[in-house]
Amino acid sequence: MNSSSLIILTRENEFNLYKAVSLEKNPFAGSEYDKSRTRLYLAEKDIAENRILEFGIMKGIEVEYKYAGKTLYVHYKNGIGRSKLKTSAIERVLESRVPGRNVNTKEELLKKWQ
């Protein structure tokens, strides 16, 4: 991937948000987790606990999630393609636009643009 192809992956303000979120804070960084199945979502406003609890009542959702401030990490155990928890559902529950990136993609973006 060259630098010109990176431009289509993210907007500048979104990239600045990603820079602010340290990869070291990934709660799913460990040998038992597949990074390719972990996505980082950045909400426009702080995530309220009462909103995030709605994920627990969605039927058929096989994910683990952790959040702090505007950041939501979701580990899709069976892959995002098989999950019922899509970005549109996250946006509906959080009442916020939430751009999401795979953790591997975020790492690559940060390496290329440092």
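The present account deals with the structure reproduced in this document. (Residues numbered from 1 in each chain as written. Predicted model: local features only at pLDDT ≥ 70, side-chain atom pairs only at ≥ 80, totals over all residues. Heavy atoms only, no water.)

**A word on the overall build of the chain**
1) Next: Within the chain, the secondary structure is distributed over 5 helices and 4 strands.
2) Next: For the chain, the succession of helices and strands along the chain, N to C, is α-α-β-α-β-β-α-β-α.
3) Next: Within the chain, the proportion of its 114 residues that are buried is 39%.
4) Next: If you take every contact in the chain between residues at least 6 apart in sequence, the share linking residues at least 24 apart comes to 72%.
5) Next: Looking at the chain as shown, the accessible area adds up to about 7,000 Å², and 48% of this sits on carbon and sulfur atoms. (Helix = DSSP H or I, 4+ residues; strand = E, 2+ residues; numbered from the N terminus. Buried < 20%, exposed > 50% of the residue type's maximum accessible area, 1.4 Å probe, protein only. Contact = heavy atoms within 4.5 Å. Areas by Shrake-Rupley, 256 points an atom, 1.4 Å probe, with all protein chains shown as cover.)

**Remarks on the sheet that holds strand β1 (residues 38-42)**
1) Next: Ordered in space as β2-β3-β1-β4, the 4 strands form an open sheet in which the pairing is antiparallel. Each edge of the open sheet is held by one strand with a lone partner, namely β2 (63-68) and β4 (100-102). Between one strand axis and the next, the sheet turns through 20 degrees on average, direction left out of account.
2) Next: Pairing of β1 with strand β3 (residues 71-76), which is carried by 5 bridges, proceeds in the antiparallel orientation. In the sheet register, Leu-42 faces β3, and the bridge partner there is Thr-71.
3) Next: Where helix α5 (residues 103-112) meets the sheet, it contacts β1 and β4, and its direction lies at approximately 90 degrees from that of β4. (Pairing = 2+ DSSP bridges. Axes fitted to C-alpha atoms, helices over the stretch in contact; angles between N-to-C directions.)

**With respect to the pattern of salt bridges**
Pairing of side chains with opposite charge becomes possible as their charged atoms draw close.
1) Next: The tally for this structure, following the rule as stated, stands at 2 salt bridges.
2) Next: Here Glu-95 ties to Arg-51 by a salt bridge, and the two come within 3.7 Å at their closest N and O atoms. Highlighted residues: Glu-95 in the loop between α4 (87-94) and β4 and Arg-51 in helix α3 (residues 49-52), separated in sequence by 44 residues. (Salt bridge = Lys/Arg side-chain N within 4 Å of Asp/Glu carboxyl O.)

**Details of the side chain of Ser-96**
1) Next: One can find Ser-96 in the loop between α4 and β4.
2) Next: For Ser-96, a relative accessible area of 8% translates into the label buried.
3) Next: Beyond its immediate stretch of four places on either side in the chain, Ser-96 contacts Ala-43, Glu-44, Lys-45 and Glu-91.

**Thoughts on the packing of aromatic side chains**
1) Next: Taken as a whole and assessed by the stated rule, the structure comprises 1 aromatic pair.
2) Next: Considering the side-chain rings of Phe-28 and Tyr-33, the 5.0 Å spacing of their centres and the 70 degrees angle between planes classify their relative orientation as edge-to-face. The burial state of Phe-28 is the same as that of Tyr-33; both residues are buried. (Phe/Tyr/Trp six-rings, centres within 6.5 Å; stacked < 30°, edge-to-face > 60°.)

**Thoughts on the nonpolar core**
1) Next: Among the nonpolar cores identified, the biggest contains 15 residues, and Leu-72, Leu-85, Ile-90 and Leu-94 are the most heavily contacted of them.
2) Next: When residues of this core are traced back to their parent elements, those giving at least two are β3 and α4.
3) Next: It is α4 that provides the largest number of residues to this core, a total of 4 residues.
4) Next: Sequence-distant contacts of Ile-90, defined by excluding residues within four places in its chain, comprise Tyr-41, Phe-55, Leu-72, Tyr-76, Leu-85 and Val-98.
5) Next: In terms of nonpolar packing, the next biggest core, distinct from the first, is built from 5 residues, Phe-28, Tyr-33, Leu-40 and Tyr-73 among them. (Core = buried A, V, L, I, M, F, W, Y, C linked by side-chain atoms within 4.5 Å.)

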